[in-house]
Amino acid sequence: MTLEDALPNTPSKAQRDNADRRVHPLVGVAFRLRVFSFPLVGIVVGTVLASRDAHLLLWVAVVLYAGALPFLLYWVARRAREQRRAEHRNIILETAIAGGWCGLVAYQPLPTIVLVTSYMMVSLSVGGLQVAQRTLVSGILGAVLVGALNGFAWEHTSSLTTTVASTILMMSFAAAFGFESWAQAKRMISVKALAEQHRERIREQSKELEKAREEEQHAREAAEEASRAKSVFLANM
């Protein structure tokens, strides 16, 4: 809590509006990760579709997922009254879509493991077990639904292109996630240091105020003592 938060002043309407327009840190982190990782996921799925006679609509879905969905989810969370809850819903939704990609690529082990691991890591880090459980359910539902439409086809091997793309996705996402975690930890340390500086400043001001009160009390006592001495002197004359 900052010093301004501790003050009892009621915020103005303009201040409340500015607070409403402020982006929750979780929304920003999720957006950056999506902009970075969604195109890579699209490439992985695209390597599988390229080896098949895929319908044009599937390619359109991959392109929209990779290029438009990160911005759409950011816009939705940005306009929500409770941005953190909206971002949790976004994660659940995108995990369902990722489950659908697993069904679309016929549950090939490497792409499926990479997608499941990535989304579980994100859901656990931002929402704990509660959000992770919901994302797991949504991912399973997405995988089952799309898998049913795909005839529950299963391919136990991946092409060299898909393997390379999945490996790049796994390593790149881990690096990006680690960097964001480091950046958030650094910001938290900076905020704690700033809060400590505020507390130290308040302690110093409290000491100065107490010292001023003591000096004022001493001056008042000296003035009263002088007044009493004058009274005694005048009484003895």
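Preceding block: the structure.
Our subject in this report is the structure included herewith.

Quick notes on the rules
In this numbering scheme, every chain counts its residues from 1 along its sequence in written order. Under the rules for a predicted model, residues below a pLDDT of 70 receive no local features and side-chain atom pairs below 80 are neither given nor counted, while totals for whole chains, interfaces and linings still include all residues. Based on all heavy atoms of the structure, the side-chain values leave hydrogens and waters out of the count. In what follows, salt bridge is the name for a side-chain nitrogen of Lys or Arg lying within 4 Å of a carboxyl oxygen of Asp or Glu. Comment: elements are numbered from the N terminus, with helices defined as DSSP H or I runs of at least four residues and strands as E runs of at least two. Residue burial is assigned from relative accessible area. The probe radius is 1.4 Å, only protein chains are included, and a residue is buried under 20% of its type maximum, exposed over 50%, and partly exposed in between. Two aromatic rings, drawn from Phe, Tyr or Trp (for Trp, its six-membered ring), form a pair once their centres lie within 6.5 Å of each other, and the interplanar angle then sorts them: stacked below 30 degrees, edge-to-face above 60, tilted otherwise. In this analysis, axes come from line fits to C-alpha atoms, helices being fitted only over the stretch in contact, and the angle between any two N-to-C directions falls in the range 0 to 180 degrees. Handedness of a crossing follows from how the near helix is turned relative to the far one, being left-handed for an anticlockwise turn of less than a right angle and right-handed for a clockwise one. As a working rule, the residues Ala, Val, Leu, Ile, Met, Phe, Trp, Tyr, Cys and Pro are called nonpolar, Asp, Glu, Lys and Arg charged, and the rest polar, with Gly in that last group. Here a polar contact is taken to be a pair of N or O atoms separated by no more than 3.5 Å, where protein atoms must pair a possible hydrogen donor with a possible acceptor and residues adjacent in sequence count only if both atoms sit in side chains. What makes two residues a contact is simply this: any of their non-hydrogen atoms within 4.5 Å. Buried Ala, Val, Leu, Ile, Met, Phe, Trp, Tyr and Cys residues that are joined via side-chain atoms within 4.5 Å together make up what is termed a nonpolar core. Any helix carries an expected span of 1.5 Å times its number of residues minus one.

With respect to the pattern of salt bridges
Tallied over the full model, the rule gives nine salt bridges. One salt bridge in this structure joins Arg-199 and Glu-196, with 2.8 Å as the shortest N-O distance. With Arg-199 and Glu-196 both in helix 8 (residues 160–236) and three residues apart, the pair spans about one turn of that helix. When the shortest N-O distance is used, the salt bridge between Arg-203 and Glu-196 registers 3.0 Å. Overall, the relative accessible area of 37% leaves Arg-203 in the partly exposed class. Judged by relative accessible area, which is 34%, Glu-196 ranks as partly exposed. Through salt bridges with shared partners, one network takes in Glu-196, Arg-199, Glu-200 and Arg-203.

Notes on the packing of aromatic side chains
Describing an aromatic ring pair means giving the distance of the ring centres and the angle of the ring planes. By the definition in use, this model includes six aromatic pairs. Summarising the aromatic geometry, the rings of Phe-38 and Tyr-65 are spaced 4.4 Å apart at their centres and angled 5° between planes, so their arrangement reads as stacked. Note that Phe-38 is positioned in helix 3 (residues 25–50) and Tyr-65 in helix 4 (residues 56–67), a separation of 27 residues in sequence. Of the residues examined, Tyr-65 reaches a relative accessible area of 3% and is grouped as buried. Each ring, one from Phe-179 and one from Trp-182, has its centre 5.6 Å from the other, and the planes form 40°; the classification is tilted. On the criterion of helical spacing, the pair formed by Phe-179 and Trp-182 is a turn pair, its members being three residues apart in helix 8.

Focus on the packing of helix 6 (residues 83–104) against helix 7 (residues 109–149)
The geometry of helix 6 relative to helix 7 is characterised by a closest axis approach of 5 Å and an angle of 35° between their N-to-C directions. Crossing handedness for the pair helix 6 and helix 7: right-handed. For the contact of helix 6 with helix 7, the class distribution of residues is 14 nonpolar, 13 polar and three charged.

Topic: the side chain of Glu-87
With respect to the helices and strands, the residue Glu-87 is situated in helix 6. When its relative accessible area of 0% is taken as the criterion, Glu-87 is described as buried. At 2.3 Å, the side chain of Glu-87 forms a polar contact with the side chain of Arg-34. Setting aside its immediate chain neighbours within four residues, Glu-87 contacts Leu-26, Val-27, Ala-30, Arg-34 and Ala-77.

Quick word on the environment of Leu-72
You can see Leu-72 is positioned in helix 5 (residues 69–79). When the C-alpha atoms of Leu-72 and Phe-31 are compared, they prove to be 9.8 Å apart, with 41 residues separating the residues in sequence.

So, the nonpolar core
Val-41, Val-45, Tyr-65, Trp-101, Leu-115 and Leu-169 are the most contacted members of the largest nonpolar core, which has 22 residues in total. The dominant element in this core, judged by the number of residues it contributes, is helix 3, at seven residues. One finds Val-122, Val-126, Phe-173 and Ala-176 within the second-largest nonpolar core, a separate group that totals nine residues.

Some remarks on the side chain of Thr-47
Mapping Thr-47 onto the fold places it in helix 3. With relative accessibility at 13%, the residue Thr-47 sits in the buried group. Within polar-contact distance, the side chain of Thr-47 engages the side chain of Thr-162 at 2.9 Å. Those residues within four positions of Thr-47 in sequence are excluded, and the remaining contacts are Thr-161, Thr-162 and Ala-165.

As for helix 6
Taking 1.5 Å per residue, 22 residues should reach 32 Å; helix 6 reaches 31 Å between its end C-alpha atoms and fits that length. Just downstream of helix 6 lies Ala-106, where phi reads positive at about 60°.

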